[in-house]
Amino acid sequence: MALNQSYDLFFIFNLSLLFALLPFSFSQTVADAPSPAADTCNGIFLSYAYTSGTKLKPTDPKHQPYRFESVLTVLNNGDEKLKSWRVFVGFKNDEYLVSASNAVLADGTSLPANVGNGTVFAGYPMTDLKTAIETAGDLNQIQVQVKLLGTQFGVAAPSVPLPETIHLANDGFLCPKPSLQGKSEMQVCCTKDPKFKTNVTVEDEFLPRQSGDLTIMYDVTRTYDSNYWAQVTISNHNPLGRLDNWKLSFDWMRDEFIYTMKGAYPYVVDSSDCIFGPQGQHYRDLDFGNVLNCERRPTIIDLPLTKANDTTMGMIPKCCRNGTILPPTMDPSKSSSVFQMQVFKMPPDLNRSELSPPQNWKINGTLNPNYKCGPPVRVSPSQFPDPSGLPSNTTVVASWQVVCNITRPKNASPKCCVSFSAYFNESVVPCPTCACGCPRNSANTCRANATAVLVPPEALLVPFENRTAITRAWADLKHFTVPNPMPCGDNCGVSINWHLYSDFSRGWSARITIFNWDETAFPDWFAAVQLNKATPGFQKMYSFNGTALEMNGVNNTIFMQGLPGLNYIVAETDAANPQKDPRVPGKQQTVISFTKKTTPSINIAAGDGFPSKVFFNGEECALPSMLPTNSGNRKGSMTVISILLAVLVFMLVQQ
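Owing to the predicted nature of the structure, the values given are computational and were not obtained by experimental measurement.

### Considerations on the overall build of the protein
Alright, step 1. Each helix and strand counted, the protein has 8 helices and 38 strands in total.
Alright, step 2. Expressed as a percentage of its 655 residues, the buried residues of the protein come to 47%.
Alright, step 3. Total accessible area on the protein stands at roughly 33200 Å², and carbon and sulfur atoms take up 54% of it.

The structure is reproduced here in structure tokens:
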């Protein structure tokens, strides 16, 4: 009997031990149960729950940092698969996010990152959430939980640093204001918008391709157990967008590395991270001396034109253009760039069907717009013409699309500026003070917050540091007030002067001059001006090739580029006597004529003859804060040559 009791006790002990261990083994694979409030939601249920936080060093009563941990839950309670889920979290406490499981930032920013103004999370590696119907309620397939770790400022216990709001960022959903569940959790149920129209059906396996200012296609063309070949295509779709010396970067999420490339090259060739990392342990027989890059976040650059026909590095259509991608309005054949790379994978992804694109894409150039890129979205496989020349298409293994749009970051400085002048005023309204930023420690030498002082036309021909004497002499002559110290310069590499040249009853004209103060020349340059009322009357440019463009359905933009042989703006150079004379900028100039037949009510002198926006190589330039004033003496400031030129333009307008 005692033996049986001992056996029973032993059995009970082991059984209890087994059940004690079960939660630990299941916790790695089974998702946490959703909140009871999710039972009443027949759409997409979102929850943000603050779990813990502690005070951090250093102690700062005005800006005290605190660690925070929270969980974002996305649950699909609807009847359709939620593809490429995205959720906006309206952080408001200057949060600095350190890590996020099962998600990436949808704008392509790598962690850690500042998210204090709110951010959008995108699913990774599980981008789609299936329905309970097709999975029998399997939480691992219909729900994702994002565990967030970061730093927030100023919210101490017992207060809870909840975000301002949370809502689904996918198109076609309505999300009401979130409700609080206690003091540490907010919840919202998002439902389909009955008014939203889409051409995507439930049966579609992939999301449709999206439009944007710039798109990047990541096409897997060949795949093997341990590696695959991917073709990357960068396409520019914005009529004013452009990239020069583009640099493309992204994050490998699963320890991949680049073995070889064609059509482009890593900015840094380095295999040390592989040699001393897990890649070197796994690929013991691989010669890492031939590996191009093992960085977790590599930067890719284009190859020069001389490598286009190189059998080892080139021979890829649309490659090797020295990083220049032109707008389609300029040359459609040069509006895209292509390269290929061989990517090696790591366990447990060693089978040919396990494919994962890199995340957090970013692309930029020199004196170009800022692009913000979304996450890669799985789309239908791309098709390319058969390389054998047969009239058929070859389908790639898998395709992802990254959409990038032009944005202007908060507090970002422009890279070019504009000055205004007119035939009826002898002074030029120069570029704004510190238009492209001010140098450090400038308080003792110039005033960053002072309004730019009017200057004579000849001052535009010399560098800003050589304008002081001219400006002071002009101010004394015209009785202008000059601050002491003088206002700082514009610090722009490119400046553009828009001069109102003439104004007659039937037509008018303007002159535009582009100055390059940089040490970099601009081949295949372009500029654009938006004239809100005057563009319909555009007639001709005399030294540039000009075209009226319709932007966002409005005919208000004039696109201009150099004629053959004049499409190159040289860099700033030394004068003939460098010891005595200031440096000379590269420059291009043309006169533009307009008719008033289509715009009879236009008032040129009052402002209709000045642009509301000016672009150079896709970058929006800073404009003056005021316009030249009409002094009443319309002809007093015009030289004899100017009068003759104005008459010539007038005669051309009448023809």
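### Some words on the packing of aromatic side chains
Alright, step 1. Counted according to the given criterion, the structure contains 22 aromatic pairs.
Alright, step 2. Ring plane angle 80° and centroid distance 6.5 Å describe the contact between Tyr218 and Tyr228, whose orientation is recorded as edge-to-face. Within this pair, whereas Tyr218 is found in strand β13 (residues 214-223), its partner Tyr228 is found in strand β14 (residues 227-236), the two being separated by 10 residues in sequence. One exposure class covers both Tyr218 and Tyr228, and it is buried.
Alright, step 3. When the ring of Trp246 is compared with that of Phe339, the centres are 6.2 Å apart and the planes differ by 20°; the resulting orientation is stacked. Of the two residues, Trp246 is situated in the loop between β14 and β15 (247-251) and Phe339 in strand β19 (residues 336-344); the sequence distance between them amounts to 93 residues.
Alright, step 4. Through pairs of rings, three or more aromatic residues link up here, namely Tyr218, Tyr228, Phe250, Trp252, Trp361 and Trp400.

### Let's talk about the state of the cysteines
Alright, step 1. On inspection of all chains with the given rule, the structure shows 10 disulfides.
Alright, step 2. Disulfide pairing is shown between Cys274 and Cys294; the S-S distance is 1.9 Å. The disulfide joining Cys274 to Cys294 has a torsion of about -105° about its S-S bond and is therefore left-handed. One end of the pair, Cys274, is in helix α4 (residues 272-275); the other, Cys294, is in the loop between α5 (278-282) and β18 (299-302), with 20 residues separating them in the sequence. Grouping residues by exposure puts Cys274 and Cys294 together as buried.

### Here's the deal with the pairing of strand β7 (residues 119-123)
Alright, step 1. In terms of burial, β7 is a largely internal element, 4 of the 5 residues being buried.
Alright, step 2. Pairing of strand β3 (residues 86-89) with β7, which is carried by 4 bridges, proceeds in the antiparallel orientation. When the bridges of β7 are listed, Phe88 appears paired with Val120.
Alright, step 3. In terms of strand pairing, strand β5 (residues 103-105) meets β7 through 3 bridges, oriented antiparallel. Each residue of the ladder has a partner; that of Val104, found in β7, is Ala122.

### Thoughts on empty space enclosed by the protein
Alright, step 1. In the structure shown here, the tally under the stated rule is 2 cavities of 30 Å³ or more.
Alright, step 2. In this structure, the largest cavity spans a volume of roughly 60 Å³.
Alright, step 3. Contributing to the lining of the largest cavity are Ser419, Pro430, Cys431, Leu460, Arg467, Asp490, Ser495, Ile496, Asn497, Phe515 and Trp517.
Alright, step 4. The element contributing the most residues to the lining of the largest cavity is strand β28 (residues 494-503), with 3 residues.
Alright, step 5. Of the residues assigned to the lining of the largest cavity, the class counts are 6 nonpolar, 3 polar and 2 charged.
Alright, step 6. Across the lining of the second largest cavity, the residue classes tally to 3 nonpolar, 1 polar and 5 charged.

### Some thoughts on the sheet that holds strand β9 (residues 166-168)
Alright, step 1. One open sheet holds the 4 strands; their spatial order is β5-β7-β3-β9, and the pairing between them is antiparallel. The outermost strands of the open sheet, each flanked by one partner alone, are β5 and β9. Pairs of neighbouring strands in the sheet enclose a mean axial angle of 30°, with direction left out of account.
Alright, step 2. Strand direction decides the pairing type here: β3 and β9, joined by 3 bridges, are antiparallel. Bridged to Val89 within β9 is Ile166.

### Section: the nonpolar core
Alright, step 1. Within the largest apolar cluster, 38 residues are counted, with the highest numbers of intra-cluster contacts made by Ile496, Trp498, Ile514 and Phe616.
Alright, step 2. Discounting chain neighbours no more than four positions away, the residues touching Ile514 are Val494, Ser495, Ile496, Trp525, Ala527, Phe544, Ile569, Gly586, Lys587, Gln588 and Phe616.
Alright, step 3. In terms of nonpolar packing, the next biggest core, distinct from the first, is built from 31 residues, Val220, Trp252, Ala264 and Met341 among them.

### Describing the sheet that holds strand β17 (residues 264-266)
Alright, step 1. Strand order across the open sheet formed by 4 strands is β17-β18-β15-β20, with antiparallel pairing between neighbours. Both outer strands of the open sheet, β17 and β20 (359-364), are each paired with one neighbouring strand and no more. The mean inter-strand angle of the sheet, taken between neighbouring strand axes irrespective of direction, is 25°.
Alright, step 2. As judged from the 3 bridges shared by β17 and β18, these two strands associate in the antiparallel manner.

### Digging into the pattern of salt bridges
Where charged atoms from two side chains of opposite charge come close, those side chains can pair.
Alright, step 1. Under the criterion given, the structure shown has 13 salt bridges.
Alright, step 2. A salt bridge links Arg352 to Asp225, with the nearest nitrogen and oxygen atoms 3.7 Å apart. Note that Arg352 is positioned in the loop between β19 and β20 and Asp225 in the loop between β13 and β14, a separation of 127 residues in sequence.

### Regarding the confidence of the model for the protein
Alright, step 1. Averaged over all residues, the pLDDT of the protein equals 89, while 90% of them reach at least 70.
Alright, step 2. For the stretch residues 632-655, pLDDT sits under 50, and the model shows 30 contacts to residues farther than four places along the chain or on other chains.

### Quick notes on the environment of Asn556
Alright, step 1. Assignment of secondary structure puts Asn556 in strand β34 (residues 554-562).
Alright, step 2. For Asn556, a relative accessible area of 10% gives the class buried.
Alright, step 3. As a C-alpha pair, Asn556 and Asn532 span 24 residues in sequence and 5.3 Å in three-dimensional space.
Alright, step 4. Apart from residues no more than four positions distant in its own chain, Asn556 is found in contact with Val529, Gln530, Leu531, Asn532, Thr535, Leu549 and Met551.

### Quick notes on the pairing of strand β16 (residues 257-262)
Alright, step 1. Extensive coverage of β16 is indicated by the burial of 5 of its 6 residues.
Alright, step 2. With 5 bridges joining them, β16 and β19 adopt antiparallel strand pairing. Of the residues in β19, the one forming a bridge with Phe257 is Phe344.

### Here's the deal with helix α6 (residues 468-478)
Alright, step 1. Buried residues of α6: Thr471, Trp474 and Ala475, and no others. Viewed end-on, α6 has its buried residues packed into an arc of 100°, placing them on one side of the element. Facing away from the buried surface of α6 by more than 90 degrees, the exposed residues are Ala469, Asp476 and Leu477.
Alright, step 2. Close packing links the buried residues of α6 with β27 (425-429).
Alright, step 3. Following α6 by one or two positions, His479 adopts a phi angle in the positive range, close to 60°.

### A closer look at the environment of His237
Alright, step 1. Within the secondary structure layout, His237 lies in the loop between β14 and β15.
Alright, step 2. Judged by its relative accessible area of 42%, His237 is partly exposed.
Alright, step 3. Between the alpha carbons of His237 and Gly212 there is a distance of 6.9 Å; along the sequence they are 25 residues apart.
Alright, step 4. Those residues in contact with His237 that sit more than four places away from it in its chain are Gly212, Asp213, Leu214, Thr215 and Pro328.

Conventions used here
Residues numbered from 1 in each chain as written. Predicted model: local features only at pLDDT ≥ 70, side-chain atom pairs only at ≥ 80, totals over all residues. Heavy atoms only, no water. Helix = DSSP H or I, 4+ residues; strand = E, 2+ residues; numbered from the N terminus. Buried < 20%, exposed > 50% of the residue type's maximum accessible area, 1.4 Å probe, protein only. Areas by Shrake-Rupley, 256 points an atom, 1.4 Å probe, with all protein chains shown as cover. Phe/Tyr/Trp six-rings, centres within 6.5 Å; stacked < 30°, edge-to-face > 60°. Disulfide = S-S within 2.5 Å. Pairing = 2+ DSSP bridges. 1 Å grid on protein atoms, 1.4 Å probe; cavity = no way out; pocket = protein on both sides within 12 Å on 5 of 7 lines; lining within 4 Å. Points joined across faces, edges and corners; volume = space filled by probe spheres on them. Nonpolar A, V, L, I, M, F, W, Y, C, P; charged D, E, K, R; others polar. Axes fitted to C-alpha atoms, helices over the stretch in contact; angles between N-to-C directions. Core = buried A, V, L, I, M, F, W, Y, C linked by side-chain atoms within 4.5 Å. Contact = heavy atoms within 4.5 Å. Salt bridge = Lys/Arg side-chain N within 4 Å of Asp/Glu carboxyl O. pLDDT = per-residue confidence, 0-100. Arc of directions from axis to C-beta.

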